[in-house]
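Structure at a glance
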Amino acid sequence: MSGARTGAGPGPADCRIDAVDVHAFEVPTDGPDGKEQDGTLEWDSTTMVLVRVHAGGRTGLGYTYGDVSVASFADSQLAPLIKGQAATAPAVLWELMGRQIRNAGRPGVGAMAVSAVDVALWDLKARLLGLPLVQLLPAYHDRVPVYGSGGFTNYSLDRLTDQLAGWVEQGVPRVKLKTSRDPEADPRRLAAVREAVGDEPEVFTDANGALGRKQALYWARRFHEEWDVRWFEEPVSSADLDGLRMLRERGPARLEIAAGEYAYTTQDFVHLVEGPAVDCLQADVTRCGGITGVLEVAGLAAAHHLDLSAHCAPAVSAHAFCAVRRLRHLEYFHDHVRLERLLFDGALSPDGGALRPDTSRPGLGLEVKWPDAEDYRVYGPRPT
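Residues numbered from 1 in each chain as written. Predicted model: local features only at pLDDT ≥ 70, side-chain atom pairs only at ≥ 80, totals over all residues. Heavy atoms only, no water.

Formed by 91 residues in total, the largest nonpolar core has its most connected members in Tyr63, Leu272, Leu281, Val285, Ile291, Leu308 and Phe321. There are two domains that each give this core at least three residues, and those are domain 1 (12–130 + 369–379) and domain 2 (135–367). With 32 residues, the next largest nonpolar core counts Cys15, Ala74, Ala113 and Leu121 among its residues. (Core = buried A, V, L, I, M, F, W, Y, C linked by side-chain atoms within 4.5 Å. Buried < 20%, exposed > 50% of the residue type's maximum accessible area, 1.4 Å probe, protein only. Domains from an automatic or database assignment.)

Turning our attention to unusual backbone geometry. The general pattern is negative phi for most residues beyond glycine and trans for most peptide bonds. Each neighbour pair has its own omega, and for Gly275 with Pro276 the value is -20°, a cis peptide bond. Of note, Pro276 is situated in the loop between α9 (266–273) and β11 (280–283). The backbone phi angle of Asp33 is positive, close to 55°, even though this residue is not glycine. Inspection of the secondary structure puts Asp33 in the loop between β1 (19–28) and β2 (36–37). (Helix = DSSP H or I, 4+ residues; strand = E, 2+ residues; numbered from the N terminus.)

Tracing the chain through its elements places Ser180 in the loop between β7 (174–178) and α6 (186–197). By relative accessible area, Ser180 is classed as buried at 5%. Put simply, Ser180 and Asn208 are 28 residues apart on the chain and 8.1 Å apart in space, counted from C-alpha to C-alpha. Once residues within four sequence positions are removed from consideration, Ser180 is found in contact with Gly39, Asp186, Ala207, Ala210 and Leu211. (Contact = heavy atoms within 4.5 Å.)

By secondary structure assignment, the location of Thr179 is in the loop between β7 and α6. Residue class for Thr179 comes out buried when judged on its relative accessible area of 0%. With 140 residues separating them in the primary sequence, Thr179 and Gly39 have C-alpha atoms 5.9 Å apart.

Here we have four strands laid out as an open sheet, ordered β5-β4-β1-β17, and antiparallel in their pairing. For this open sheet the edge positions go to β5 (58–65) and β17 (377–379), each flanked by a neighbour on one side alone. Strand after strand, the sheet turns through a mean of 30° between neighbouring axes, direction not considered. Sheet topology note: the β1/β17 ladder contains two bridges and is antiparallel. Residue pairing in the sheet places Phe25 in a bridge with Arg377 of β17. Against the sheet, helix α1 (residues 69–82) makes contact with β1, β4 (45–55), β5 and β17, and its axis sits at roughly 165° relative to β1, the strand it touches most. Contacting β4 and β5, helix α3 (residues 109–129) runs over the sheet at an angle of about 150° to β5. (Pairing = 2+ DSSP bridges. Axes fitted to C-alpha atoms, helices over the stretch in contact; angles between N-to-C directions.)

Bringing the pairing of strand β13 (residues 327–333) into the picture now. Of all seven residues in β13, six are buried; the element is thus mostly enclosed. As judged from the four bridges shared by strand β6 (residues 144–150) and β13, these two strands associate in the parallel manner. Residue pairing across strands places Ser149 opposite Phe333, the latter belonging to β13. Taken together, the two bridges between strand β12 (residues 307–310) and β13 define a ladder with parallel strand orientation. Paired with Leu308 across the strands is Leu327, a residue of β13. Traced from β12 through helix α11 (residues 314–320) to β13, the parallel crossover comes out right-handed. (Right-handed = clockwise from strand over helix to strand, strands pointing away.)

This next bit is on the side chain of His54. Relative to the elements of secondary structure, His54 occurs in strand β4. Under the relative-accessibility criterion, His54 is labelled buried at 14%. A polar contact of 2.8 Å, which involves the side chain of His54, links it to the side chain of Thr59. (Polar contact = N/O pair within 3.5 Å; in protein donor to acceptor, adjacent residues only side chain to side chain.)

Listed below in structure tokens is the structure:
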């Protein structure tokens, strides 16, 4: 019969999801006195919420960074929904999950939970097909350029310069520091960074929404004129779309305004590209709906002639953002790099200023290092 399958067992298309498990791990930061700071927040730990989806004798994993409540949300709202569903249709399940959480709360925690599950579903599909995830996606690139990111506002000058200069020494040609918690301290910090990294590397700044509009315009001009800063991320709150537009229009022509890491839904991104409010759009694969969400945002960015930059989560972003036609770069964020190396075998390191997905391993190429992870568990039982 035409189209009939041959062979003894079911193929990937026949697989149904038979189990879902959710975990969370809280890892203390390695900042001064166990804390890290940016322009508007201080924290002493970072929590990874990990989701595993099982089908056909294979396991896909996905994760997000957020409060442990994200794990509970994924367990109660999403795990029962996807059990028994086809394992090779992530986009279909993404749509179902979006409907499921409508009343429970889609932005924020809901979107983060969906993101983790969606990544796990894509990883599972790739593993069932025996493919690295990048080869399953509609990839335009085989690597993602990175910029080193950390430079927290409570770092000493020595630690600040050692960290950023260290990335440059590893071949990363662009670095970012946090600013604007104490604006009057920033000139000394930027001068030290510029001296440490030299004239060639690009220097980025991130205020995390700490400044008012006119204050941000003042510092945008100084950052650019005195230290050749080319990227100013969230100079004002990303919710202040008019403020972002004002800075984009009135700031230095060669200083780009960026935002988007706190966009959870497609409509959030629409607000940022209309006007537009940014010179370069950002998206976080662990917040914006996972890989399915990134693909949708990538089309929106291209339609508005804007580049898209990946926010953090390098182990997933290295695959997902190869499928972004107007790719700019990926934030190689200190905290996430630490956690991914601690918790996973297969975490990537920059080579020539970029992350290149490992095509010798299926899916994301990650395996959980359970013995190392257990000391940090705050949700879920260890798999047996």
